[in-house]
Amino acid sequence: MKKEPQTISKRFWIKLGLAPFAMFAFAFALVPLYDTFCDITGLNGRTSNTMFKGKNTSDVDLNRKITIEFMSSTTPGFPLEFRPTVTKMEIIPGKLYTITYIAENRSDRTIIGQAVPSFAPGLAAKHFKKLQCFCFSNQTFEPKKPKEMPVRFFVDSKLDKDIVDITLSYNFFKVKDAKPGPVAGL
Amino acid sequence: MLGIRISPFLSAKNTSLFNIVNSINNKYLNIIKYFLIPLLLSPQFLFAEYAINLPKGVTSVSRNIYGLHMTIFWVCVAIAILVFGVMIWSMIFHRKSRGAVASNFHESTAVELVWTLVPLAILIAIAFPATRVLIDLENTEKADMTVKITGYQWKWQYDYMDEGISFFSNLAQSSKDAIDNADNRNKLDHYLKEVDKRLVLPVGKRIRFLMTSNDVIHSWWVRDLGVKQDANPGFINDAWAKIDKPGVYRGQCAELCGKDHGFMPIVVEALPEADYQTWVGKQKAAQKAREAASGKQWSKQDLMAQGQKIYSSTCASCHGVTGQGIPGVFPAMVGSKIATGDLKKHINIVLNGKSGTAMQAFGKQLGDADLAAVITYERNAFGNNTGDVVQPSTIKSAR
Amino acid sequence: MISKEEARFLSEEELLKRQRKGATLTATIVAMIAFGIFFFTLYSNM
Amino acid sequence: MSTTTTDLQDEIDALGKSHDNHHHGPEKGVMRWIKTTNHKDIGTLYLWFAFIMLLTGGAMAMVIRAELFQPGLQLVEPQFFNQMTTLHGLIMVFGAIMPAFVGLANWQIPLMIGAKDMALPRMNNWSFWILPFAGAMLLSTLFMKGGGPAFGWTFYAPLSTTFAPDSTDFFIFAIHMLGFSSIMGAINVIATILNMRAPGMKLMDMPLFVWTWLITAFLLIAAMPVLAGAVTMMLTDRNFGTSFFDAAGGGDPVMFQHIFWFFGHPEVYIMILPAFGVVSQIIPTFARKPLFGYSSMVYATASIALLSFVVWAHHMFLTGMPVAGQMYFMYATIMISVPTGVKVFNWVTTMWRGSLSFETPMLWAVAFVILFTIGGFSGLMLGIAPADIQYHDTYFVVAHFHYVLVTGALFSIIAAVFYWLPKWCGRMYNQKLAKIHFWWAVISVNILFFPQHFLGLAGMPRRIPDYSLQFADFNMISSIGGFVFGASFLLLTYIIVDCIRNGERVKEPRVWPSAKGLEWTIPTPAPYHTFDKPPGKELILAESSHTGAH
């Protein structure tokens, strides 16, 4: 059976090369687009593990009082006794405060964990600025040794006026082992 | 295949409809009752009678949602009558068999424009009340009290943040006993909607709920309160309610959370302020008493008896009543390496759970005495005859 | 698409060949798009 | 050369040699089906595969309805019940509805645009033959240790990652293969429609079924890779220590839902847009009147497709979304009812002042319009964010999407089969029996799903194996409807098999005298090879269902 040699034009090769390039450019351009979208709708930003850098430019708003509740939790299999020293405090937006969490490893071996903050209402996350926090990095806990962990923060006075209660909850997770763990579900 | 039950189908007559199936006479009556009357009579009357509509509920939010629901419902009904009316008209009067001759029109920009813009206007009209209710939902006024709700596979934990009260709420034993037994089921008023410990709340206070989860995603839902909110592991969500009327309001978990998703009810008991305070006092006293119990020495017999109780309420849903577990999903107790091996490891896994699995940290859920009992039970029941006896004091020091 | 005027000068088999060449190009581009979206899904979550 | 292959490329080669001998029939025996590259054969394979999967998924639905027949646990354990709901959903979506539409596309698109075959016949063979293996792999998980996937067809993390049985890795692989097959199918459809149309056929000359499939194919191209991405991340989370969806490592379980629904919402339109196309072919035929508002139908379909990508989070109103997000997704969602409404109004107006007759395909199409619209109304209600608090994850949602997918998508597929089957096999089915089957199915399906609205409003959550006694009555009614509806498929099987084997022969090319379209210009039954000579512009215009006189 005779096969006719197929000739492919130069234009075809150019198109073929450009198409994936354009596609990837488009896909990567979507990232800032989605970021903007999430920013407007507040879809992300329920958590923030980053340190507030720069100057506290927020005005102190003496006419406002906000109640902050502090909560703590740990995940199963992470033997950490973990709680805030104060569970509730009234603050004035723009002022700096410090609160302390205490954690104690109840097991016999050293454990490493990562705290993940979470806010209710979620919109508060953006305006809760942390200057110091144990959630910025992994924390190592020696056996049976209590550890004090301060959080230094202020609440931006740009926070929506109708928010009067904020809850901040830290959840301590076990940092995944380097060696493969047991099969899930068993 | 896994999971086929042996108990015979249709083992019992436990629904009113079962009787209908048996008596033909009755059946026709009920078809009229369930299908024709709802179509003919005023909806509100019947909605109340047969629970085929949302309840109005006991909070402003649930009432607003109800109002919104009825508004959209009637808008839909109106559009349906119009559209289906035209359609049925042409199906009756423009039939070929009646000699109808087809006309040939197939375009009209004006008509197209009308039926794009009119629905758009209707939608905008609906959007206004919807937005109002939505904003009210996210209302962030000052709360009088906060309850933290944590979802577990398959129970709820309630923490009264201001009172320091904390407890777990499981499916009531009476309902568990009725799952396989129709006679028990018929005796119950609230099969699968009753818990061992209710969430007690005061009436007339603005209550803030914080939802989170210990394992998978759950969803806390009480219809009469107009509250349904996902509980995500590692994150907190909030919702609020201000209950108008004392009473008992029932709900259940609304997000598939594994095997016993259908067996995780919520019961809220709303009390007048004074009664609520009495309840709070009682809870605090009981908590003290529990702490005192951990100093006591227990006999093996007592431990085994108490252990069996705790095992069946807390452990049996995964590890099985006879300790067989579910192969590949939940490990068996029978001959288990942990339950027959090193005691310290056994205590540790019960206290702290195992990460990455459904095994929870029961150290937070049970007292020293109960933990000692259940561990003793696990090490001596199901043929795991280790002979170990664990005392509450051992647990206390292991914490 | 091949217009009626163009098609008039093509034989049956030439037409089919032209069509198939276009189809290959379309398919290649569409497949690239699919791959692009797949990688974008992963990338946007890294 | 005529004995080994039917591939188009070889035909082109052969054409160079000879003009006479390329009219060969299919190969004999089972190899015909394994090696086939003929669009009609592949369409047939797709349709039979979908039908078998429909019965499999339907059997699972019967297990579900049997367990829910009365309160208490009677037949299955909760874990197995969850496996049934999960696999029922997955099989119906990926195994039944989607392949059935691809099958219809394979049969009809080349016939409707006057093409010889699909553009990429070898890939066509591939995209079908992946399916049985993927389906078998998905079903095989049921027999593995720990059972099959039990986390719902939406497989939300972490229930499907950290807390899932080992068989989940097989489930992930099966989803990958199903997705791959769909993407290849979609590529083929796009390449065919864009390149293989008869010379002179403009895009706006195409029948609406072809249009809806073109748009659907683009939805598939955009949505399926996202699903592939989601399951890939699940796979690495489960096995390679990443934490995309695990808060412990900086991930977020809600992110899974965002990704899933970014795929999932277009997916539901993938399952309904071709249905719109089918109905838009059938109604003009039996109304004996051109389709009203052809171009607005095309634009409505396209805008539904576009909107489907910006509304995904209306499945997630309760995940703790900020109020601005809820508002946006609510507005965008209710906007979809505008183009959808336009379509319904167009169908109704097509019937208006027509000359209607109610042959079996028309009955199904009319049932589609009415019942799909009911599903649309409950969809509108669900789209209202605050009201969704009370509807979310209840049987109201179950009722909604079954009205849209069973009485919508599935009904349109049945309508399409009854419409085109005589053309495909040259035999007419027993019309009396088919009408009995229609009434049987349409009454029972409403007994099955309508009470589920009440159940949902009365507070019954979905995906539960047991319920409190207050839900007993409506569940029993619904189950009875379910069994009767399930049984109707036995009759459907008989009607179709009987038609193919013993049906009365049909000779006229135009099986339905009032039907328009290029597929009715070829002989009946449709020959193995069609449109060796593409149809001319005059024929295309004369057969257009929407421009000229009917």
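Procedures and definitions
Residues numbered from 1 in each chain as written. Chains lettered and ligands numbered in written order. Predicted model: local features only at pLDDT ≥ 70, side-chain atom pairs only at ≥ 80, totals over all residues. Heavy atoms only, no water. Helix = DSSP H or I, 4+ residues; strand = E, 2+ residues; numbered from the N terminus. Rg over C-alpha atoms; globule rule 2.2 N^0.38 Å. Contact = heavy atoms within 4.5 Å. Areas by Shrake-Rupley, 256 points an atom, 1.4 Å probe, with all protein chains shown as cover. Lys, Arg positive; Asp, Glu negative; His and termini not counted. Charge placed at Lys NZ, Arg CZ, Asp CG, Glu CD. Buried area = accessible area lost by both parts, 1.4 Å probe. Polar contact = N/O pair within 3.5 Å; in protein donor to acceptor, adjacent residues only side chain to side chain. Nonpolar A, V, L, I, M, F, W, Y, C, P; charged D, E, K, R; others polar. Salt bridge = Lys/Arg side-chain N within 4 Å of Asp/Glu carboxyl O. Buried < 20%, exposed > 50% of the residue type's maximum accessible area, 1.4 Å probe, protein only. Pairing = 2+ DSSP bridges. Axes fitted to C-alpha atoms, helices over the stretch in contact; angles between N-to-C directions. Core = buried A, V, L, I, M, F, W, Y, C linked by side-chain atoms within 4.5 Å. pLDDT = per-residue confidence, 0-100. Expected span 1.5 Å × (residues − 1). Phe/Tyr/Trp six-rings, centres within 6.5 Å; stacked < 30°, edge-to-face > 60°. Lys NZ or Arg CZ within 6 Å of the ring centre and 35° of its normal.

Asks: Give me the lowdown on the overall build of chain D, citing residues and values where you can.
Replies: Check the secondary structure of chain D and you find 18 helices and two strands. The C-alpha radius of gyration of chain D comes to 23 Å, within 12% of the 24 Å expected for a compact globule of 550 residues. Sequence-distant contacts in chain D: of pairs separated by 6 or more residues, those separated by 24 or more amount to 82%. Surface exposure of chain D reaches about 14500 Å², of which carbon and sulfur atoms provide 71%. One finds the centroid of the 29 positive side-chain charges in chain D at a distance of 11 Å from the centroid of its 29 negative side-chain charges.

Asks: Would you mind going over the interface of chain B and chain D in detail, with residue names and values included?
Replies: The partner chain D presents 113 residues to the 110 residues of chain B that form the contact. At the boundary of chain B with chain D, total buried surface from both sides reaches about 9800 Å², with 70% on carbon and sulfur atoms. The interface formed by chain B and chain D holds 23 residue pairs in polar contact (both at pLDDT 80 or more) in total. Elements with a minimum of two residues in the side of chain B that touches chain D: helix H1 (16-22), helix H2 (24-40), helix H4 (60-93), helix H5 (109-137) and strand E7 (227-231) of chain B. Ranked by residue count, the leading element in the side of chain B that touches chain D is H4 of chain B, at 16 residues. Among the residues making up the side of chain B that touches chain D, the classes are represented as 63 nonpolar, 31 polar and 16 charged.

Asks: I'd like a description of the pattern of salt bridges, backed by residues and values.
Replies: Applying the stated criterion across every chain, the model contains 19 salt bridges over all chains. Between Lys88 of chain A and Asp162 of chain B there is a salt bridge whose closest N-O contact spans 2.9 Å. On the criterion of chain membership, the pair formed by Lys88 of chain A in strand E3 (residues 88-91) and Asp162 of chain B in the loop between strand E2 (155-160) and strand E3 (165-169) is interchain, its members lying in two chains. Since its relative accessible area comes to 38%, Lys88 of chain A is described here as partly exposed. Residue Asp162 of chain B is classed as partly exposed on the basis of its relative accessible area, which comes to 37%. One network of salt bridges, in which partners are shared, links Glu194, Arg198, Arg250 and Glu269 of chain B.

Asks: Give me the lowdown on the pairing of strand E1 (residues 145-152) of chain B, citing residues and values where you can.
Replies: Residue and element names in this part refer to chain B. The element E1 is largely enclosed, with a buried count of eight among its eight residues. Here E1 shows a buried face lined by Met145, Val147, Ile149 and Gly151 and a second buried face lined by Thr146, Lys148, Thr150 and Tyr152. Bridge analysis of E1 against strand E5 (residues 206-213) gives seven bridges, and the strand direction is parallel. If you follow Thr146 over to E5, its bridge partner there is Arg208. Two strands pair when backbone bridges link them, and E1 and E2 are joined in this way by six bridges, in the antiparallel orientation. Residue pairing across strands places Val147 opposite Tyr160, the latter belonging to E2.

Asks: Which residues make up the interface of chain A and chain B, and what are the values?
Replies: In this assembly, 36 residues from chain A lie in contact with 31 residues from chain B. Surface buried jointly by chain A and chain B totals about 2600 Å² across both partners, of which 48% is contributed by carbon and sulfur atoms. Connecting chain A to chain B are three salt bridges. The tally of links between chain A and chain B comes to nine residue pairs in polar contact (both at pLDDT 80 or more). At the level of secondary structure, the elements contributing two or more residues to the side of chain A that touches chain B comprise strand E1 (66-74), strand E5 (111-120) and strand E9 (165-174) of chain A. In the side of chain A that touches chain B, the residues fall into 15 nonpolar, 11 polar and 10 charged.

Asks: I'd like a rundown of the environment of Ala157 of chain D, residues and numbers included.
Replies: Here Ala157 of chain D lies in the loop between helix H5 (121-140) and helix H6 (168-195). Look past the residues within four positions of Ala157 of chain D in its chain and what remains in contact with it is Ile217 of chain B together with Phe245, Pro253 and Phe256 of chain D.

Asks: Before we move on, can you summarise the sheet that holds strand E7 (residues 139-141) of chain A with the specific residues and values?
Replies: Residue and element names in this part refer to chain A. Here we have five strands laid out as an open sheet, ordered E3-E1-E9-E5-E7, and mixed in their pairing. Each edge of the sheet is formed by a strand with only one pairing partner; in this case those strands are E3 and E7. Direction aside, the axes of adjacent strands within the sheet are offset by 30 degrees on average. Alignment of E5 against E9, held across eight bridges, turns out to be antiparallel. By the bridge assignment for E9, Pro117 is matched with Tyr170.

Asks: Give me the nonpolar core: which residues, what numbers.
Replies: Residues Tyr160, Phe209, Trp220 and Leu225 of chain B are the most contacted members of the largest nonpolar core, which totals 297 residues. Setting aside chain neighbours within four positions, we find Tyr160 of chain B in contact with Met145, Thr146, Val147, Ile165, Phe167, Leu199, Val200, Tyr276 and Trp279 of chain B. Core analysis: the second largest hydrophobic core is formed by 33 residues, Ile68, Ala124, Ala125 and Met149 of chain A among them.

Asks: Explain the confidence of the model for chain B residue by residue, including any values.
Replies: Here chain B averages 82 in pLDDT, and 86% of its residues register 70 or above. Across residues 6-15 of chain B the pLDDT falls below 50, and counting only partners more than four positions away or on other chains, this stretch makes 29 contacts in the model.

Asks: Please set out helix H9 (residues 273-287) of chain D residue by residue, giving values where relevant.
Replies: Residue and element names in this part refer to chain D. Across its 15 residues, H9 extends 21 Å between first and last C-alpha, which sits within 8% of the 21 Å expected from 1.5 Å per residue. With respect to burial, H9 is a largely interior element, 15 of its 15 residues being buried. Positive phi shows up at Arg288, right after H9, with a value of about 55 degrees.

Asks: Would you mind going over the packing of aromatic side chains in detail, with residue names and values included?
Replies: As enumerated under the stated definition, the model contains 72 aromatic pairs over all chains in all. A ring pair is formed by Tyr276 of chain B and Trp279 of chain B, whose centres lie 6.2 Å apart and whose planes are at 25 degrees; its orientation type is stacked. Of this pair, Tyr276 of chain B and Trp279 of chain B both sit in helix H8 (residues 273-293), three residues apart, roughly one helical turn. Considering the side-chain rings of Phe260 of chain D and Phe263 of chain D, the 5.6 Å spacing of their centres and the 75 degrees angle between planes classify their relative orientation as edge-to-face. One end of the pair is Phe260 of chain D and the other is Phe263 of chain D, both in helix H8 (residues 253-270) and three residues apart, which spans about a single turn. Neither Phe260 of chain D nor Phe263 of chain D differs from the other in exposure class; each is buried. A cation over a ring is seen here: Arg206 of chain B above Trp240 of chain B, with NZ or CZ 4.0 Å from the ring centre.

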